[in-house]
Amino acid sequence: MDILVRKYVEKKANKWGFSDDIDISKEIIKVENTYSDKIFKVRFNSFRFLGYYGLDAFVRKRKIIFSPEWAARVVLKRNESQIPFLYTLGHEMAHTERDICPLKHPKYCKFIAWTNEVHADLESGKIFLNRDKKKLLSAMLYICNSNGKDIETITHPSWKRRLQYVENFSSFNKKLVLQIAKDTNTLNNDIVQMVLKNHEI
């Protein structure tokens, strides 16, 4: 277990007024073991998130790495963070299914990266949330509100835009891909068709 993660959770426990009788190390390991399986290992890590303390995660070589803030939330505020945590876990799992590497298409990096993210959002709803759109939107909004500043980058749409995509489209379909192409000013039909073919739509 990452010692710095434990110390971060201890600091949060003190800040949030939790009692000292919680065995934080035991609880962190319990969460990691509960959500790990034969394919994916779930871990909380501080080194991977140096200087960043928001709700974040990524997948690398079948390990899904969560930030220290996630450890604090699932250990100390389990009731409110459970569904957002499951959404994030499913989101990272979905990234291993049909992602296209944006770096292979540098001129269209934004379009491809955004389709990867939105596809992962919607697939997560299938994996853990039983296609419940209200739970999915609630989970995404929880993270959006917790992380504060909502910015749009070449690799990620803003949370506001992601919420709109999920709210306005029932699935990851052709209309949604075309909307993302429009939003990213992607006019190359071959690239759009490549994404559609990759997702078999």
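Refer to the structure printed above.
Nothing here was measured: the structure is a model prediction, and the numbers come from that model.

Engineer: Even after reading the chapter, I still don't get helix 7 (residues 159–168), so can you show me in this structure?
Structural biologist: Because an α-helix packs 3.6 residues into every turn, residues spaced three or four apart end up facing the same way. Regarding helix 7, the residues found buried are Trp159, Arg162, Leu163, Tyr165 and Val166. Taken around the axis of helix 7, the buried residues stretch over an arc of 160°, which confines them to a single face. Along helix 7, the residues that are exposed and aim more than 90 degrees away from the buried face are Lys160, Glu167 and Asn168. Packing partners of the buried residues in helix 7 comprise helix 4 (78–98), helix 5 (109–127), helix 6 (133–147) and helix 8 (174–183).

Engineer: It is not clear to me how the environment of Asn188 should be interpreted in this structure. Could you clarify?
Structural biologist: Looking at where Asn188 falls in the secondary structure, it is placed in the loop between helix 8 and helix 9 (189–198). When its relative accessible area of 25% is taken as the criterion, Asn188 is described as partly exposed. Separated by 80 residues in sequence, Asn188 and Tyr108 have C-alpha atoms that sit 8.7 Å apart. Looking at Asn188, its side chain comes within polar contact range of the side chain of Tyr108, at 2.9 Å.

Analysis parameters
- Per chain, residues are indexed from 1 in the order of the written sequence.
- Given that the model is predicted, a residue must reach a pLDDT of at least 70 before its local features are reported, and side-chain atom pairs must reach 80 or more before they are shown or counted; all residues, however, enter totals for whole chains, interfaces and linings.
- The basis for every side-chain value is the complete set of non-hydrogen atoms in the structure, without hydrogens or water.
- A simple rule labels every residue: compare its accessible area, found with a 1.4 Å probe on the protein chains alone, to the largest value its type can have, and call it buried under 20%, exposed over 50%, or partly exposed in between.
- Each helix is a run of DSSP H or I of at least 4 residues and each strand a run of E of at least 2, with the numbering of both proceeding from the N terminus.
- Throughout, the arc means that of the directions going from the helix axis to the C-beta atoms.
- Contact between two residues is taken to exist if any of their heavy atoms lie within 4.5 Å; hydrogens are not considered.
- Polar contacts, as counted here, are pairs of nitrogen or oxygen atoms within 3.5 Å of one another; within protein the pair requires one atom able to donate a hydrogen and one able to accept it, and residues that are adjacent in sequence qualify only if both atoms are side-chain atoms.

Shape is all these values report; function is a separate question.
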